Amino acid sequence: MTSQIEGRGSSSPRDGAECAPSMSPAGGRMWGMPHIEAALSRYRPHSTTVLRVTIGLIFIWFGAMKFVPDASPAQDVATKTMGVLSFGLVPAEATRPMLAVFETTIGLGLVTGVLLRLVLAAFFVHMAGVFSALVILPGEMWNGQLATPTMEGQYVIKNVVLIVACLAVAAEQRRD
């Protein structure tokens, strides 16, 4: 059911209004634009790998920042959180380089896919530590009002996206 475009004699739609999503063979909605549908079909088998590598690159980047004193905006919160979680057994001056090594190792594992199950386990343990800051450092994470995080709290909370992404990677890994 396409209309002809004025003066062209074409039977295919040319404006956005006529490019409504069509049904895919699987019964789901598609874009209605063959070039986008083709690109998405080519991308789909690689999407989890792209997601894994992208998260890995972010971890390498943020981990590398922790090798340099005062380069990471999360340094103070990370150091304080580690101090509480380790009951003061890990000295503050050792926390930053330890986290740097841990995060870059996770990142390298995600990028390469080597020992991926172990890397994902380390990632989830790390995220548990990161999110614990919301509870053990409430004065730094919250503005004193319900559901109003400080900038540091927002920095922690945005990691939900990384967790969900790594859950997708883990689910794909489990299928393999």
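What comes next concerns the included structure. Please read these numbers as outputs of a predicted model, since none were measured by experiment.

Scanning the chain for helices and strands turns up eight helices and zero strands. The helix and strand sequence of the chain, counted from the amino end, reads α-α-α-α-α-α-α-α. Within the chain, residue pairs in contact and separated by at least 24 positions form 55% of the contacts whose partners lie at least 6 positions apart. Of the roughly 11300 Å² of accessible surface on the chain, 67% is carried by carbon and sulfur atoms.

Before going further, it helps to examine the nonpolar core. One broad trend across soluble globular proteins is that nonpolar side chains are buried collectively. One finds Ile-55, Phe-59, Leu-110, Phe-123 and Met-141 to be the most contacted residues of the largest nonpolar core, which totals 21 residues. Counting residues per element, the ones that place at least two in this core are helix 2 (47–65), helix 4 (92–112), helix 5 (116–136) and helix 8 (159–175). Per element, the largest residue contribution to this core is eight residues, and it comes from helix 5. Residues contacting Leu-110, with those up to four places away along its chain left out, are Arg-52, Val-53, Ile-55, Gly-56, Leu-116, Val-119 and Leu-120.

A separate point is the pattern of salt bridges. This structure, assessed with the given rule, holds two salt bridges. Taking the shortest distance from any N to any O, the salt bridge between Glu-103 and Lys-66 comes out at 3.0 Å. Placement of the pair is Glu-103 in helix 4 and Lys-66 in the loop between helix 2 and helix 3 (75–85), with a sequence separation of 37 residues. Judged by relative accessible area, Glu-103 falls into the buried class, the value being 6%. With relative accessibility at 5%, the residue Lys-66 sits in the buried group.

Compared with the 27 Å implied by 1.5 Å per residue over 19 residues, the 27 Å span of helix 2 between its first and last C-alpha is a close match. Here helix 2 has its buried residues at Thr-48, Arg-52, Ile-55, Gly-56, Phe-59 and Gly-63. End-on view of helix 2: buried residues confined to an arc of 105°, all on one side of the axis. Buried-residue contacts for helix 2 involve helix 4, helix 5 and helix 8.

It is at 10 Å that the axes of helix 2 and helix 8 come closest, and there the two elements cross at 135°. Between helix 2 and helix 8, the interaxial angle falls into the category oblique. In this structure, helix 2 meets helix 8 at a crossing whose hand is left-handed. Of helix 8, the residues touching helix 2 (which contributes Thr-48, Leu-51, Arg-52, Ile-55 and Phe-59) are Leu-162, Ala-165, Cys-166, Ala-168, Val-169 and Glu-172. Residue composition of the contact of helix 2 with helix 8, grouped by class: eight nonpolar, one polar and two charged.

Now for the packing of aromatic side chains. Counting across every chain of the model gives four aromatic pairs. Ring geometry for Trp-61 and Phe-62: centres 5.6 Å apart, planes at 70°, overall edge-to-face. Owing to a relative accessible area of 25%, Phe-62 belongs among the partly exposed residues under this scheme. By way of ring pairs, the aromatic residues Phe-59, Phe-123 and Phe-124 are connected into one cluster. Residue placement shows Lys-158 over the ring face of Tyr-155; its charged tip is 4.5 Å from the ring centre.

The next subject is the packing of helix 3 against helix 4. The contact between helix 3 and helix 4 brings their axes to 9 Å, and the two run at 110°. The angle between the axes of helix 3 and helix 4 places the two elements in the roughly perpendicular class. Read as a crossing pair, helix 3 and helix 4 show a hand that is right-handed. On helix 4, the residues that touch Gln-75, Ala-78, Thr-79 and Met-82 of helix 3 are Ala-92, Thr-95, Arg-96, Met-98 and Leu-99. Of the residues belonging to the contact of helix 3 with helix 4, the class tally is five nonpolar, three polar and one charged.

What counts and what doesn't
Here, residues in each chain are numbered from 1, in the same order as that chain's written sequence. Since the coordinates come from a predicted model, pLDDT governs what is reported: local features require at least 70, and pairs of side-chain atoms require 80 or more to be given and counted, while whole-chain, interface and lining totals use all residues. Here the side-chain values reflect all heavy atoms present in the structure, with hydrogen atoms and water set aside. Secondary structure elements follow DSSP: runs of H or I no shorter than four residues count as helices, runs of E no shorter than two count as strands, and numbering proceeds from the N terminus. Residue contacts follow a heavy-atom distance rule, with two residues in contact if any of their heavy atoms lie within 4.5 Å. Each accessible area value is a Shrake-Rupley result obtained with a 1.4 Å probe; residue values ignore everything except the protein chains displayed when judging cover. Nonpolar core, defined: a set of buried Ala, Val, Leu, Ile, Met, Phe, Trp, Tyr and Cys residues in which side-chain atoms within 4.5 Å join the residues together. Think of it in three bands: with a 1.4 Å probe and only protein chains considered, a residue is buried below 20% of the maximum accessible area for its type, exposed above 50%, and partly exposed in between. We define a salt bridge as a contact between a side-chain nitrogen of Lys or Arg and a carboxyl oxygen of Asp or Glu at a distance within 4 Å. Working rule for helices: expected span equals 1.5 Å times residues minus one. Note that the arc is computed from the directions linking the helix axis to the C-beta atoms. Only C-alpha atoms enter the line fits that serve as axes; for helices the fit covers just the stretch in contact. Angles between N-to-C directions range over 0 to 180 degrees. Oblique is the label for any angle not under 35 degrees, not over 145, and not in the 65 to 115 range, which are roughly parallel, roughly antiparallel and roughly perpendicular in turn. Definitions for this section: a left-handed crossing has its near helix turned counterclockwise from the far helix by less than a right angle. A right-handed crossing has that turn clockwise. Asp, Glu, Lys and Arg are counted as charged, while Ala, Val, Leu, Ile, Met, Phe, Trp, Tyr, Cys and Pro are counted as nonpolar; the rest, among them Gly, fall into the polar class. Stacked, tilted and edge-to-face are the three classes assigned to paired rings of Phe, Tyr and Trp, where Trp is represented by its six-membered ring and a pair needs centres within 6.5 Å; plane angles under 30 degrees give stacked, over 60 edge-to-face, the rest tilted. Note on criteria: charge over ring means Lys NZ or Arg CZ within 6 Å of the ring centre, with the direction from the centre no more than 35 degrees off the ring normal.

Take it as geometry only, folks, not as evidence of what the structure does.
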